[in-house]
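Descriptive analysis of the structure
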Amino acid sequence: MLLVTGASGTVGSAVLAEVIRAGVPHRALFRSEQDAAKAPAGTEVAIADFADPLSLKRAFAGIDSLFLVCSPIPQLVELESNVIEAAGDRRRIVLNSALGAGDYPKSFPSWHRRVEDRLRAAGNPYCILRPNSFMQNVLAFYAPSIRAEGAFYSALGEAKICYVDVRDIAAVAVQALRGLHDGETYELHGPEGLSCAEVAAKIEKNAGIPARYVDIPEEAQRQAMLAQGMPEWQVTALLELQEYYTGGKGGEPDGTLERLLGRAPRALDALLQEHAAEFRRAKG
Ligand SMILES: NC(=O)c1ccc[n+]([C@@H]2O[C@H](COP(=O)([O-])OP(=O)(O)OC[C@H]3O[C@@H](n4cnc5c(N)ncnc54)[C@H](OP(=O)(O)O)[C@@H]3O)[C@@H](O)[C@H]2O)c1
C-alpha cells in the first residue's frame, strides 16, 4: 500500500493521479478535511499534519512506501524530518527534493539537502528526486501578468531552464514507490533549456496572444515581490534560486528523465496548448 503526502499540492496531486492510473492500492494524506473531501473517488484518505507525529503514525498504518513532499517553507526541514522519523526505518520513502540539492548551498536546494542527508542516514529504502523548475510555474507565475499586461518580468536575463512537467516527475515517483529505484538520486530535467524570451515566444505561439519577457534588475524584482506582500525570506530564497540559473546551471537536459520514462519528457509547447486559455484576457 502506497501513501501520497502533499496530495492537495501540485506534485502530490500529480503523483496521486499517476498512482490511480497505475491501479495501485493507495492512501492520500491531506492536512484538512476540506481537501480530503475533494479526493478522487476510490482513494482512501488520511488527515494528518507533519507537525503532529501521532497523526502521522495513524496515517502510516499498513503503508509500505510513501511519497514525501512539503511546501517550500522554512519549516520544511523539520516537518519532513518528522515524517522520516514517524515512518520508522522499514518503509520506502520517495522524497521530492530539488535540483541544486547536490551542489548549491543556498535557498530551497540547501534545505532539501538537509532532508536528503537525514533520509540517507535513516536506513530506509529510499529514492530521491531532484526536479528542475516545474513547467506548471509558467502557468502559475507568468499567466497573470501576461493576461493583464501581455508581459512577464524577472531578473533571469538569458538564463536557460529545463522546465519539467510535474506529471513526468509523478511517473518516475510511482516507479520509485514500487521499488524500482531504491538507493538512487535522480536530477529530473525537462526536454529543452529555455530562456525567458524563448518561453515568451512559445506562449505567443501556443496561446495566440502577444507575450513579452521584460528583463529587470534583481533589486526591482525584489521590491516588486515585497510590494505583492511576499515575505522577505521567500523573496530572498527565490532570488537566490534564480542565481543558480543565471550562474549557468539547470539549462542542459541530460537524458535521465527520458531514460527513466522510456519516452521523451513532455514539452512546454504541449502544456501551453493545454492551458492556452489561461494566458488570454477574459472577454467582456
Ligand atoms: N516549484 C518548482 O519549480 C520546484 C522545483 C523543484 C522542487 N520543488 C519543491 O517541490 C515542493 C513544492 O511542491 P508543490 O509545488 O507540490 O507544493 P505545494 O503545491 O505547495 O504542495 C505542498 C503540499 O505540502 C502539504 N503540506 C505543507 N505543510 C504540511 C504539513 N505541515 N502537514 C501536511 N502537509 C503539509 C500541503 O498541504 P496544504 O494544501 O494543506 O498546505 C500541500 O499538499 C517544494 O518542496 C519545492 O521546494 C519545487
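Positions within a chain are numbered from 1, following the residues in the order the chain's sequence is written. In keeping with the model being predicted, local features are shown solely for residues with a pLDDT of at least 70 and side-chain atom pairs are shown and tallied solely at 80 or more, while totals for entire chains, interfaces and linings include all residues. Each side-chain value is worked out from all heavy atoms of the structure, with water and hydrogens disregarded.

1. Remarks on the packing of aromatic side chains
Ring pairs shown here join Phe, Tyr and Trp side chains whose ring centres sit within 6.5 Å, with only the six-membered ring taken for Trp; geometry is labelled stacked below 30 degrees between planes, edge-to-face above 60, and tilted in between. Evaluation of the coordinates by the stated rule reveals six aromatic pairs. Ring geometry for Trp 111 against Trp 233: centres 6.2 Å apart, planes inclined by 50°, an arrangement best described as tilted. Here the residue Trp 111 occupies a position in helix 5 (residues 107–122), and Trp 233 occupies one in helix 10 (residues 232–246), the gap between them amounting to 122 residues. Ring centres of Phe 152 and Tyr 213 lie 5.3 Å apart, and the angle between their planes is 45°; on these two criteria the pair is classed as tilted. Separated by 61 residues along the polypeptide, Phe 152 in strand 7 (residues 151–154) and Tyr 213 in strand 9 (residues 212–215) bring together distant segments of the chain. In this structure, Phe 152 and Tyr 213 share a single accessibility class: buried. What links up through ring pairs into an aromatic cluster is the set Tyr 104, Tyr 244 and Tyr 245. Runs of E in the DSSP output that reach at least two residues are strands. Runs of H or I that reach at least four are helices, and both are numbered from the N terminus. Residue burial is assigned from relative accessible area. The probe radius is 1.4 Å, only protein chains are included, and a residue is buried under 20% of its type maximum, exposed over 50%, and partly exposed in between.

2. Re the pairing of strand 2 (residues 26–30)
Of all five residues making up strand 2, five are buried, and the element is well covered by its neighbours. Note: strand 1 (residues 2–4) against strand 2, three bridges, orientation parallel. Within strand 2, the residue paired with Val 4 across the bridge is Ala 28. What makes two strands pair is DSSP finding at least two bridges between them.

3. Focus: helix 6 (residues 136–149)
Three- or four-residue spacings in an α-helix give side chains the same orientation, since the helix completes a turn every 3.6 residues. Here the expected length of a helix is defined as 1.5 Å per residue gap, with one fewer gap than residues. For helix 6, with 14 residues, the first-to-last C-alpha span of 20 Å sits near the 20 Å given by 1.5 Å per residue. To get the bend at a residue, fit one axis to the 7 residues ending there and another to the 7 starting there, then take the angle between the axes. The sharpest bend along helix 6 measures roughly 45° and falls at Tyr 142, with the proline Pro 144 sitting one to four residues further on. Those residues of helix 6 not exposed but buried are Gln 136, Val 138, Leu 139, Tyr 142, Ala 143, Ser 145 and Ile 146. Should any heavy atoms of two residues lie within 4.5 Å, those residues are considered in contact. In this structure, the buried side of helix 6 is in contact with helix 1 (10–22), strand 7, helix 7 (166–177), helix 8 (196–207) and helix 12 (268–274). With its phi angle positive at about 70°, Gly 150 sits one or two positions after the end of helix 6.

4. Here we look at the sheet that holds strand 1
Pairing within the open sheet is parallel, and its seven strands lie in the order 3-2-1-4-5-6-8. Of all the strands in the sheet, the pair left with one neighbour each is strand 3 (44–47) and strand 8 (184–188). Within the sheet, the average angular offset between the axes of one strand and its neighbour, ignoring direction, is 20°. Axes, fitted as lines to C-alpha atoms, cover a helix only where it is in contact. Angles between the N-to-C directions of the axes lie from 0 to 180 degrees. Across the sheet, helix 1 is in contact with strand 1, strand 2, strand 4 (65–68) and strand 5 (92–96); its angle to strand 1 comes to roughly 150°. Running over the sheet, helix 7 touches strand 1, strand 4, strand 5, strand 6 (126–131) and strand 8 and is turned about 165° from strand 5.

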